Amino acid sequence: QQKVQQSPESLTVSEGAMASLNCTFSDRSSDNFRWYRQHSGKGLEVLVSIFSDGEKEEGSFTAHLNRASLHVFLHIREPQPSDSALYLCAVRKGGSALGRLHFGAGTQLIVIP
Amino acid sequence: DPKIIQKPKYLVAVTGSEKILICEQYLGHNAMYWYRQSAKKPLEFMFSYSYQKLMDNQTASSRFQPQSSKKNHLDLQITALKPDDSATYFCASSQDRHSGNTLYFGEGSRLIVV
């Protein structure tokens, strides 16, 4: 059973400072990794997808995947107060259908002006 | 404007009753899904449909029945409701079930069973 864990549970940063979020997964066959965010009471917004080791940048969001260490990171460059939200890591186990994603519990990011 | 519409946004139901959660997507996608987010738990996969056919089912209980009357609709019927069914139910869709395609989510239907 795939386990996805995120840390920290909560992160407070000042506006403009880099925010770094961590996600670890347990299944080495995992091949599809996405970061979503969820503003309070809203749906999930996809931020960045990554499928191979290395980095993938989408705007101010950079995902970094290291499959050997079972980690995928999200770095947020110069976050704004509007980036305050719950950030979710989603992982697909290799061989499973696309729709069957395993999510972490999330990191609550608070960006202080 | 939201491209995945879920109704109702909030719902309070009595134990033992039956409710239907509505989902419509206007993204032209062929695959649709249901996920559940219970208190203190991560989002968890429930069902996947492709071209209106059930492809994958993680939910053990037969009380949860997806219904697809049109390609862009995937409703979720829940019967004999229990307090443990209280959660936010998210509908999602993707172009198809290819591994490279992104899932897009609706804003959720928050169900409270009393």
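Anything mentioned here points back to the structure above.
These figures come from a predicted structure and were not determined experimentally. Counting starts from 1 at the beginning of each chain's written sequence and moves along it residue by residue. Lettering of chains starts at A and numbering of ligands starts at 1, both following the order in which they are written. Whole-chain, interface and lining totals are the exception, using all residues; otherwise, since this is a predicted model, local features are given only for residues with pLDDT of at least 70 and side-chain atom pairs are given and counted only at 80 or more. With hydrogens and water set aside, each side-chain value is computed from the structure's full complement of heavy atoms.

Observations regarding the sheet that holds strand β8 (residues 75-78) of chain B
Residues and elements named next belong to chain B.
Moving on, step 1. Taken in spatial order, the four strands line up as β1-β3-β8-β7 in an open sheet, and their pairing is antiparallel. Edge positions in the open sheet fall to β1 (4-7) and β7 (64-67), since each of these has one partner strand only. Taken pair by pair, the neighbouring strands of this sheet meet at an average axis angle of 15°, ignoring direction.
Moving on, step 2. The sheet contact formed by β7 and β8 spans four bridges and is antiparallel. Residue pairing for β8: F64 is matched across the bridge by I78. Pairing between two strands is assigned when DSSP locates at least 2 bridges connecting them. Secondary structure elements follow DSSP: runs of H or I no shorter than four residues count as helices, runs of E no shorter than two count as strands, and numbering proceeds from the N terminus. All axes here are fitted lines through C-alpha atoms, helices being fitted over the stretch that makes contact, and every angle between N-to-C directions spans 0 to 180 degrees.

Observations regarding a nonpolar patch on the surface
All names here are of chain B.
Moving on, step 1. Patch rule: a residue counts if its relative accessible area is over 30% and it has no salt bridge; like charges are joined within 9 Å, and nonpolar side chains (Val, Leu, Ile, Met, Phe, Trp, Tyr) within 5 Å. For the area figures, the Shrake-Rupley method with a 1.4 Å probe applies, and any residue is considered shielded solely by the protein chains shown. We define a salt bridge as a side-chain nitrogen of Lys or Arg found within 4 Å of a carboxyl oxygen belonging to Asp or Glu. Together, V12, V14, I112 and V114 line one region of the surface with nonpolar side chains, adding up to about 360 Å² of accessible area.
Moving on, step 2. Considering the arrangement of structural elements, one finds I112 in strand β11 (residues 109-113).
Moving on, step 3. According to the relative accessible area criterion, I112 is partly exposed, its value standing at 34%. A simple rule labels every residue: compare its accessible area, found with a 1.4 Å probe on the protein chains alone, to the largest value its type can have, and call it buried under 20%, exposed over 50%, or partly exposed in between.

Considering the pattern of salt bridges
All names here are of chain A.
Moving on, step 1. A full pass over the atoms with the stated rule returns eleven salt bridges over all chains.
Moving on, step 2. Of the charged contacts in the structure, one is a salt bridge between R67 and D53, with a shortest N-O distance of 3.9 Å. With R67 in the loop between β7 (61-66) and β8 (71-76) and D53 in the loop between β5 (44-50) and β6 (54-58), this residue pair connects regions lying 14 residues apart in the sequence.
Moving on, step 3. K56 is the partner of E58 in a salt bridge, and the nearest nitrogen-oxygen pair spans 3.6 Å.
Moving on, step 4. Among the ionic contacts, a cluster of salt bridges with common partners joins R37, E45 and D83.

Quick word on the sheet that holds β6 of chain A
Residues and elements named next belong to chain A.
Moving on, step 1. Judged by pairing direction, the sheet is antiparallel, and its five strands sit side by side in the order β1-β3-β8-β7-β6 without closing on themselves. With one partner strand each, in any of the chains shown, β1 (4-7) and β6 form the two edges of the open sheet. On average, each strand axis in the sheet is inclined to that of its neighbour by 20°, with strand direction left out of account.

Let's talk about the packing of aromatic side chains
Residue and element names in this part refer to chain A.
Moving on, step 1. Only the six-membered ring of Trp is used, alongside the rings of Phe and Tyr, when aromatic pairs are assigned; centres must lie within 6.5 Å, and planes under 30 degrees apart are stacked while those over 60 apart are edge-to-face, with the rest tilted. Counted according to the given criterion, the structure contains eight aromatic pairs over all chains.
Moving on, step 2. Taken together, a centroid distance of 5.9 Å and an interplanar angle of 45° make the contact between Y36 and F103 tilted. Linking Y36 in strand β4 (residues 32-38) with F103 in strand β10 (residues 101-103), this pair joins segments that are 67 residues apart in sequence. With respect to class, Y36 is no different from F103; both count as buried.

Things to note about the interface of chain B and chain A
Moving on, step 1. Note on contacts: a residue pair qualifies if any of its non-hydrogen atoms lie within 4.5 Å across the two residues. The partner chain A presents 21 residues to the 24 residues of chain B that form the contact.
Moving on, step 2. Where chain B meets chain A, there are one salt bridge.
Moving on, step 3. For D56 of chain B, the salt bridge is made with R100 of chain A, and the minimal N-O distance between the two is 2.8 Å.
Moving on, step 4. The definition of a polar contact used here is a pair of N or O atoms within 3.5 Å, where within protein one atom must be able to donate a hydrogen and the other to accept one, and adjacent residues in sequence count solely through side-chain atom pairs. The tally of links from chain B across to chain A stands at five residue pairs in polar contact (both at pLDDT 80 or more).
Moving on, step 5. Counting residues per element, the ones that place at least two in the side of chain B that touches chain A are β4 (31-37), β6 (53-57), β9 (87-94) and β10 (104-105) of chain B.
Moving on, step 6. Take the side of chain B that touches chain A: its biggest share by element is three residues, from β4 of chain B.

Read these as geometric descriptors, not functional statements.
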